[in-house]
Every structure is written in C-alpha cells, then in structure tokens.
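# Working through the structure, step by step
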Amino acid sequence: MRKGLLLMVTLIGLGLALSPAAGAANDVIRLGFPIPLTGENPDVGASSKNAAEMYLKQVPTVVVAGKTYALKFVYEDNEFKAESAVKAITKLITEEEVLGVIGPQASAQAVPAGEVANNYATPMISPWSTNPNTTLNRPYVFRGCFLDPFQGPVAANFATEEFGAKKAAVLYDIASDYPKGLAEFFKQAFEKIHGPGAVVAFESFTTGDKDFSAQMANIVASGADILFTPQYYSEVPLIVRAAKENGFSKPIMGSDSWGSGDLMGLCGDDCKGLFFSTHYAAAGAQGATKAFIDQYSAAYGKTPDDVAALTWDSLGLMIQAIQNTGGLSGDIKADRTKVKDALAAIKDYPGITGKMTFTPEGDPIKCAVVVKINDQGQFAFHKSVCP
Amino acid sequence: MTKEAISPGRGPSAVRRILGPAPLLGLLTGALACVLIERFFGQQVSDLLHLPKMPVLFGILTISKVVAGLVNALFKGAAFEGIELLQLPAAGVYFAVVYLLPLIGVGRITAGAANRAAAALARMPLPASALVHLGLMYVTLHVWAGMSDYRLITLNLTLIAVLFTLSLNIINGYMGEFSCSHPAFMAIGAYISSLFTVGLFVDDKVLGKALVAMPMDYLTFPLALILGGGAAAAGALIIAIPSFKTRGDYLAIISLAFLFIVKSLFENLQVLGGARGIAGQPDWATLPVIFAVVVLGIWIINNFVTSTLGKALNAVRDDETAAEAMTVNTRRVKMTAFLVGAFWAGVAGGLLAHVLRYINPAMFGVQKLAEVLAMVYFGGLNSVYGSIVGAVSISLLGEALRPLEILKWIFIPLLLILVMIYRPTGLVAFRDFDLRKAMGPRTDSRPKV
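Computed from a predicted model, the values in this text were never measured in an experiment. (Residues numbered from 1 in each chain as written. Chains lettered and ligands numbered in written order. Predicted model: local features only at pLDDT ≥ 70, side-chain atom pairs only at ≥ 80, totals over all residues. Heavy atoms only, no water.)

### Some remarks on the overall build of chain A
In terms of helices and strands, chain A carries twelve helices and 16 strands. The C-alpha atoms of chain A give 23 Å as radius of gyration, which agrees with the globular expectation for 387 residues (21 Å, within 12%). With the principal axes as the frame, chain A shows a C-alpha extent of 80 × 50 × 35 Å. The buried share among the 387 residues of chain A stands at 58%. Of the contacts made within chain A by residues no fewer than 6 positions apart, 66% connect residues no fewer than 24 positions apart. (Helix = DSSP H or I, 4+ residues; strand = E, 2+ residues; numbered from the N terminus. Rg over C-alpha atoms; globule rule 2.2 N^0.38 Å. Buried < 20%, exposed > 50% of the residue type's maximum accessible area, 1.4 Å probe, protein only. Contact = heavy atoms within 4.5 Å.)

Okay, here's the thing in structure tokens:
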C-alpha cells in the first residue's frame with residue numbers, strides 16, 4: 001500500500017514536471033470522424049480513415065485569415081450501429097470539442113447522428129449517406145454525394161440511350177435502405193420514359209441471400225432488355241453469376257454502391273463490360289482526381305473507392321468553409337455557426353468527384369459519371385451526366 | 001452497494017470491508033459527495049494532473065485511449081508521444097481523488113448518522129424510505145450526467161439497457177427458457193410508440209401531418225410507452241402459445257423465427273417507412289422520464305418475480321412436470337412471464353426510439369439479441385441485481401473501451417468467456433433483491449453466518 005502510494009506520488013510529480021504547458025490547444029482545428037471502424041462494414045471506415053490520413057499528411061496546417069492552425073482529426077468508431085453513432089458523435093462534439101464532423105457514412109447512422117449534430121449546432125458533412133432524412137430540415141447537416149432521386153433517372157436515361165432498352169428488370173434488396181430507394185427511383189424514371197409497366201420484373205431479396213435463381217427465372221421470362229441492380233459489391237458477383245447461369249445475356253447495370261470494396265477481386269471476368277453510375281471514375285481520370293488516385297494507390301496499395309473519394313471531398317469542403325469564415329474567434333460555438341454559414345455559401349467547389357454547390361437543404365448539385373468496367377477490370381470513364 | 005457475500009461460510013467481501021458499516025444511504029451520500037466534488041473541483045484536479053480533459057467515464061476512457069495510441073504506435077507505426085503515458089497514472093489518481101477516496105471517506109464518516117437515519121427510515125413505510133433513496137440516487141445521476149452531454153446519452157442508453165436486460169431475465173433467467181425474440185418485442189414497442197407520438201403530434205414525411213395539436217402533448221408520453229409495451233405483449237402472445245409445447249432448443253428456434261418475422265415485417269411495411277425507418281420522434285425521453293420508467297419497471301418486475309407467480313416460474317424452470325403436479329398452472333405461468341417480459345421490452349423500445357429519435361428495422365436484429373443475451377448472462381440469471389450489473393457493466397465497458405476499436409471486440413468477449421468459466425451463471429446470479437434489507441441500517445459489518 002505504502003509503496004503504491006509512493007509510486008503514485010512520484011508519477012504525479014513526474015507528470016507535473018514533464019507535461020507541456022496547457023493552453024496551446026487554441027491553434028488547433030479539430031475535426032471529428034464518427035466512422036464504422038468495426039462492425040459489419042469495416043471497409044467503409046477504413047477507406048474514410050485512409051482518405052483522411054492522407055489529407056492530413058498533405059495539409060497538416062490551415063491558414064485562416066493569416067493565422068496558422070494545426071489540423072487534428074479525431075476518429076471515433078460507430079460500429080455501424082445507430083445507437084453507437086449517436087454516442088460517438090455526441091462524444092466528438094461535447095468531449096472532443098470538434099469544430100466540424102465528417103461522417104457517419106451510411107444512412108442508418110447518418111440520420112440519427114445528423115439530429116445530434118443539428119441539435120448541438122455543429123456542421124456535419126456525411127460523405128456517403130443518400131437518405132433524404134439525413135439533411136432534411138437540418139441546416140447544420142450537409143452531404144457529399146448526390147441523391148438517389150438524381151441517380152435513378154441517370155441510370156434510366158443511360159439504359160434507354162445506350163442500349164435502346166424498352167423493358168427493364170430490377171433486382172434489389174428490400175431490407176436495405178439504399179438499394180430499395182434507388183430501385184424505386186429507377187422504376188419511376190424508366191416508366192416515365194417508356195410508360196407504365198415498362199419495368200417488367202421488379203424482383204427483391206433480403207440481405208444475406210445467396211441464391212437468386214428464382215428471381216432470375218422471372219427476370220429471364222419477363223423478356224427485359226436490361227437488368228438494373230443497385231446492390232453492394234459483395235452481392236453483385238453473385239447476382240451477375242446467377243444471371244449468366246440462368247441464361248440472361250442482356251446488359252446488367254448498377255449504381256455507385258458497386259464501386260466500393262473489392263468488386264473485381266470477387267467478380268473477376270464476369271463483371272467485365274458492365275456499366276454503373278457513380279461519383280467518379282478511377283481509370284482515365286485527370287488533374288486533381290488523378291493525383292488523388294495515384295497517391296492513394298501508392299499509400300495503401302489499392303484504388304480508392306467512392307467512400308474514400310467522397311470523404312476527401314467532404315473534408316476539402318469543410319476546410320474550404322473554415323478558410324472562408326474569414327477568421328475563427330476561438331469561441332467554438334460561434335465558430336461552428338460561422339463554418340456552417342460558409343459551407344452553405346460555397347459555390348462550385350472543385351472536388352475530385354466533380355464541382356459541388358449546396359442546395360439550401362444541404363445536398364450538393366453535382367454530376368454523375370457512368371463508368372464501364374473495362375477488360376483490364378478497371379472502372380473507366382464512359383460518360384458524364386449532369387443535372 | 002450491498003455486494004456483501006451473504007452465503008454462509010464466507011467472510012465479508014473486500015469491498016464491504018473497505019466501506020465499513022455504511023448503509024446504502026451512506027453510500028449514496030458518498031456518491032453524491034463524489035459527483036459534487038467533481039462538479040466543483042473536477043476541472044481543477046484534472047488541470048493539476050495535466051489531463052487533457054476532465055475524465056468522462058471514471059478515467060477508463062482516458063486509459064483506453066492511451067492504450068489504443070500505444071497499440072497503434074507499436075503495430076501500425078503511428079505517431080505517439082511518450083508523455084501521454086503519464087495520463088495512465090493521472091487517470092487513476094483522478095479516479096481515486098474524485099471518486100474512490102470521497103466515497104470511502106464520506107461513507108465511513110457518515111456511517112453512524114446514516115445508520116441512525118436508515119433505522120429511522122426503516123420504521124417508516126417502505127415507499128417513503130424508497131423515495132428518499134431514489135431521490136438521492138437521481139440527484140447523484142443528474143449531477144454526474146449534467147457535467148457532460150456524452151455522459152447523459154450514455155447514461156440514458158444504459159438505463160434503457162437495464163430495463164431491457166431485466167425484462168429478458170424474466171424469461172431466460174427466472175423461467176429458464178431461451179427466448180430469442182426480445183429485440184422483436186423491443187422493435188414493436190419502438191414502432192408503436194413512435195407511431196403514436198410521430199403520427200399524432202409531429203409533421204412527418206412518412207406518417208403525414210400531425211393529427212393533433214396540443215400544448216402539453218408530452219404528457220401523453222406514458223400513454224405512448226404503454227401502447228408500445230401493450231403491442232409488444234400482444235406480439236408475445238404469438239410466441240407464448242407455441243411455447244406451451246416446446247422447450248429448450250425448439251423454443252429458441254421458434255422465437256428466433258419470430259424475431260426475423262417482425263424484422264422483415266417492418267422492413268416491408270412501407271407505411272412505417274420500410275427499411276428507412278421513422279425519424280423525428282419528439283425529444284421526450286429525458287433523464288428524469290427514463291429514470292422514473294426504469295425504476296418503475298424494476299420495481300414491478302421485482303415484485304412479479306418475488307410473488308407466488310414468480311416462484312412458480314422457478315418451479316417451471318426446475319421441473320415442469322413436477323410443477324404441474326404441484327398444481328402450478330404452467331400454461332398460465334409461461335404466458336404471464338412472456339407477456340410481462342415483452343411488455344417491458346416494448347417500453348424499453350419506446351424509450352430507445354425517443355432517445356435516438358430515429359428507428360429502423362436493422363437496429364433490432366441479431367446483433368441486438370447478442371448484446372442483450374450477453375448482458376443477461378454476464379450479469380447473472382435469475383437476479384435483478386444481475387441484470388443491473390450486467391447491463392451497466394457491458395454498456396459502460398463498451399463505451400469506455402471504444403478507442404480500442406477492434407481490440408474491444410476481443411476484450412469484451414474474452415471477459416464473457418472468463419465469467420462463464422468461473423461463474424457459469426453470471427456475476428450475481430440467483431440473488432433476491434430485498435429492498436427492505438438493502439435500504440436498512442447496517443449496525444454490524446458482519447451479519448449472521
């Protein structure tokens with residue numbers, strides 16, 4: 001007991017002697033990242049963190065109105081759970097006292113977290129969330145990606161123009177927020193062009209299903225000219241193979257969810273020649289986009305997915321907004337509101353995923369690209385579609 | 001608090017020896033003193049110790065953050081400043097100075113007075129004494145959570161976890177069945193209560209315009225919770241009826257099936273938002289509301305399990321045939337247990353929906369089931385204390401170890417395995433929660449052997 005006490009006192013003394021003087025925290029801008037580092041989708045968290053770390057290496061300090069601030073990023077694991085995301089973002093805002101928040105990525109976490117950010121009047125950009133509720137009536141919440149009501153028509157128009165499709169089939173996961181929403185928007189848009197009933201098969205499955213033969217049989221029998229499947233990278237290979245096995249030889253197209261994760265590693269040759277709409281194209285990119293891709297590939301040994309690219313852009317937007325405030329007061333509450341106002345006022349921000357301007361709702365107006373998976377298995381730019 | 005070993009042949013536990021003869025009243029006073037010290041001097045103490053911020057979860061969070069930094073530095077080559085290591089002892093000292101020493105000190109110093117007060121309270125009706133204790137407890141929690149909103153949200157969710165765990169303990173602990181449908185009951189409660197509050201009082205995209213405009217609409221919140229709980233209980237009927245004939249693995253499978261049915265039901269019900277869920281619940285689940293509901297829940301469940309019906313639950317668990325022979329109406333017992341358990345799970349769901357102010361079906365899946373099962377079995381079967389201990393420790397650990405990221409998911413399961421090896425029924429299993437004894441005076445540090 002006595003020894004323990006002695007050790008404690010020594011350590012405290014040491015601590016007092018060695019620790020640097022407090023008060024240097026003023027020249028630091030802290031940004032929070034409530035991202036899924038563990039849980040069902042750790043790839044998403046890893047991509048976000050990679051992009052952020054790379055950004056920090058490139059831009060370690062920011063000059064705001066002549067004063068230099070060091071950037072500091074705080075990562076908080078949201079476990080891919082809504083409850084956890086709420087706790088994580090509350091912790092970032094109240095404990096870590098971050099100036100702004102980038103994330104969460106998926107809508108299931110971004111919707112409740114956005115509520116928290118808005119309540120604490122802290123600017124938040126969700127790079128990847130597509131649920132309208134994330135930003136709805138929340139002046140402090142923004143997003144980095146376009147919304148499904150825009151992507152649906154992009155895919156429908158492309159299918160019509162590129163393949164001359166008159167009848168379309170859709171296969172989607174009814175239990176997952178994003179595929180379901182997008183499938184419906186595609187159906188609406190396609191039927192607007194070709195008249196009601198043009199989507200001849202609207203087939204669904206549930207998260208985790210591995211066998212799609214029943215749905216495929218219906219799709220083949222419906223005589224559709226194209227199959228649209230807005231699924232995640234882990235499901236796409238299974239769907240594409242099921243289509244081949246069941247004798248569906250028409251084109252298959254997808255959405256931005258194809259672009260995250262290791263699609264080509266899982267899918268191999270089966271996916272070559274297919275198209276999907278997304279935020280940016282890695283192969284054949286130019287300028288800043290190319291520089292980003294090259295650096296990212298060099299640092300982490302893989303092509304950046306759309307989560308990484310959107311995180312990079314959201315971060316860029318946040319930093320741009322901080323610089324546009326024309327000086328921080330040091331009062332974190334006032335500064336957060338300043339940053340929010342500056343974010344809302346940004347016009348034509350030149351991101352690597354396209355030029356961005358926020359609508360009053362906090363959603364960006366930006367172009368989508370359609371990429372083709374080429375014979376080398378790269379996602380090559382095919383066409384740009386702007387709103 | 002009253003963790004002293006009651007089992008014959010064992011001496012007083014170490015905790016009890018240190019705390020001396022302080023009754024619960026004295027310990028609560030001590031805890032209040034701790035949070036008041038932290039409220040007024042916590043910042044100074046942490047400045048003095050050169051901690052970057054006032055430790056938010058008793059210093060564990062600070063420690064795990066440093067450990068995480070160290071691990072990242074060792075395995076990933078991330079930058080790490082050696083000076084941060086000093087936060088480890090500093091966090092310990094902070095905990096000792098702000099919590100441990102005042103708790104022991106105040107507990108011991110006031111022991112005499114507190115015992116006299118407790119004895120006086122013991123002569124009064126039980127509710128009066130309980131109210132005094134609960135009041136002290138609430139004030140302590142209120143002050144503690146008032147220092148940081150992060151604490152507040154953690155505390156709110158922990159309290160809800162306590163209620164949820166306890167409601168499952170009725171079925172899995174007291175009745176000895178293995179039911180997997182509890183997240184489904186929670187989902188039903190969450191959806192129905194949200195339907196009530198959002199549908200009636202809030203303009204929403206999914207559920208349409210507010211139907212009623214009322215200045216004191218938050219007073220209807222208990223009604224929303226009761227509706228949610230009632231709907232969950234109605235859902236439980238579906239699972240209770242097949243459970244008459246099945247036991248063990250088969251009931252587990254049926255109840256798991258029920259969980260999936262409910263989850264896909266909500267996923268496919270477009271009027272309830274489908275997979276996108278319902279957002280925008282009014283902010284009615286505040287700390288006092290949650291505290292009151294959880295305390296009420298614990299009280300009612302404790303009364304239920306200590307009643308004749310509760311004893312019948314144990315009889316059914318130990319031997320159903322024998323229980324039947326001893327005139328226990330096993331059907332009625334099982335049915336009641338399911339309905340009561342589901343009701344409180346539904347209430348917990350209603351609270352959860354209004355804390356997060358967003359629900360979607362994915363929240364009530366197998367992951368939630370694993371979480372609550374871990375809380376029940378970690379804390380202890382057949383025990384109200386056990387549920388409280390299990391829910392609080394797993395929630396707090398999960399929160400405090402968050403900086404460790406993936407290592408957290410090695411540490412917590414490892415802890416579970418260790419508990420299962422050394423205490424196969426959980427930490428505080430099979431212990432009655434005797435309110436009168438818990439709150440009574442403690443004249444002798446060592447009661448009967």
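Next, the rest of the story.
### As for the interface of chain B and chain A
Across the boundary between the two partners, chain B contributes 41 residues, which contact 47 residues of chain A. Roughly 3900 Å² is buried in total at the junction of chain B and chain A, and carbon and sulfur atoms are behind 56% of that figure. Viewed at the interface, chain A and chain B are joined by nine salt bridges. In this structure, the salt-bridge partner of Glu79 of chain A is Arg402 of chain B, at a minimum N-O distance of 3.7 Å. Counting across the interface, chain B meets chain A through 13 residue pairs in polar contact (both at pLDDT 80 or more). (Buried area = accessible area lost by both parts, 1.4 Å probe. Salt bridge = Lys/Arg side-chain N within 4 Å of Asp/Glu carboxyl O. Polar contact = N/O pair within 3.5 Å; in protein donor to acceptor, adjacent residues only side chain to side chain.)

### So, the domain arrangement of chain B
All names here are of chain B. Once the domains are mapped, chain B shows domain 1 (1–147) and domain 2 (149–449). Distance from the C-alpha centre of domain 1 to the C-alpha centre of domain 2: 27 Å. Opposite the 42 residues of domain 1 that make contact, domain 2 presents 30 residues. Summed over both sides, the interface between domain 1 and domain 2 buries roughly 3300 Å², with carbon and sulfur atoms accounting for 68% of that surface. Run the count over domain 1 and domain 2 and you get one salt bridge. (Domains from an automatic or database assignment.)

### Description of the sheet that holds strand E13 (residues 354–358) of chain A
The strands making up a sheet associate through hydrogen bonds between their backbones, and the pairing can be parallel or antiparallel. All names here are of chain A. Across the sheet, three strands lie side by side as E12-E13-E14; this open sheet has antiparallel pairing. Of all strands in the sheet, those bounded by a partner on one side alone are strand E12 (349–351) and strand E14 (364–365). With two bridges joining them, E13 and E14 adopt antiparallel strand pairing. In the strand pairing of E14, Thr357 is matched with Ile365. (Pairing = 2+ DSSP bridges.)

### So, the environment of Met253 of chain A
Residues and elements named next belong to chain A. Mapped onto the elements of the fold, Met253 is located in strand E10 (residues 252–254). Taking the relative accessible area as the measure of exposure, Met253 reaches 0% and is therefore buried. It is 40 Å that separates the C-alpha atoms of Met253 and Ala121, two residues lying 132 residues apart in sequence. Contact partners of Met253, with chain neighbours within four places excluded, come to Ala155, Phe158, Ala159, Ile226, Leu227, Phe228, Thr229, Trp258 and Phe275.

### Section: the packing of helix H3 (residues 60–76) of chain B against helix H4 (residues 87–109) of chain B
Residue and element names in this part refer to chain B. The contact between H3 and H4 brings their axes to 9 Å, and the two run at 170°. One finds that H3 runs roughly antiparallel with respect to H4. Where H3 abuts H4, its residues Thr62, Ile63 and Val66 lie against Gln87, Leu88 and Ala91. The residue makeup of the contact of H3 with H4, split by class, is four nonpolar, two polar and no charged. (Axes fitted to C-alpha atoms, helices over the stretch in contact; angles between N-to-C directions. Parallel < 35°, antiparallel > 145°, perpendicular 65-115°, else oblique. Nonpolar A, V, L, I, M, F, W, Y, C, P; charged D, E, K, R; others polar.)

### Side note on the state of the cysteines
Residues and elements named next belong to chain A. Applying the stated rule across the entire model yields two disulfides over all chains. Disulfide partner of Cys267: Cys271, at an S-S distance of 1.9 Å. Handedness of the Cys267-Cys271 disulfide follows from its S-S torsion of about 75°: it is right-handed. Residues Cys267 and Cys271 agree in their burial class; the two are buried. Numbered by position along the chain, the disulfide-linked cysteines of chain A connect as 1-2, 3-4. Free of any disulfide, Cys145 has its nearest cysteine sulfur in Cys367, 15 Å distant. (Disulfide = S-S within 2.5 Å.)

### Let's talk about the side chain of Asn156 of chain B
Residue and element names in this part refer to chain B. Considering the arrangement of structural elements, one finds Asn156 in helix H7 (residues 149–174). Residue classification places Asn156 among the buried residues on the basis of a relative accessible area of 6%. Beyond its immediate chain neighbours, meaning those up to four positions away, Asn156 contacts Ala285, Leu287, Ile290 and Val355.

### Concerning the pairing of strand E15 (residues 368–373) of chain A
It is a general feature of regular strands that their side chains alternate between the two faces of the sheet. Residues and elements named next belong to chain A. Among the six residues that make up E15, five are buried, leaving the element largely enclosed by the rest of the structure. In terms of strand pairing, strand E11 (residues 275–278) meets E15 through four bridges, oriented antiparallel. Across the sheet, Thr278 pairs through a bridge with Val369, a residue of E15. Taken together, the six bridges between E15 and strand E16 (residues 379–385) define a ladder with antiparallel strand orientation. Within E16, the position partnered with Lys372 by the bridge is Ala380. Linking E15 to E16, which pair antiparallel, is a turn of five residues; within it Gly377 sits at a positive phi near 80°.

### Things to note about the pattern of salt bridges
Under the defined criterion, the tally for this structure stands at 27 salt bridges over all chains. Salt-bridge contacts for Glu83 of chain A lead to Lys368 of chain B; the nearest nitrogen and oxygen are separated by 2.6 Å. With Glu83 of chain A in helix H3 (residues 82–95) and Lys368 of chain B in helix H15 (residues 366–379), this residue pair bridges two chains. Each member of the pair, Glu83 of chain A as well as Lys368 of chain B, carries the same accessibility label: buried. The salt bridge partner of Glu320 of chain B is Lys334 of chain B, with a shortest N-O separation of 3.2 Å. A residue pair is termed long-range when its members are at least 10 positions apart, and Glu320 of chain B in helix H13 (residues 320–325) and Lys334 of chain B in helix H14 (residues 330–356) qualify at 14 residues. By relative accessible area, Glu320 of chain B is classed as buried at 19%.

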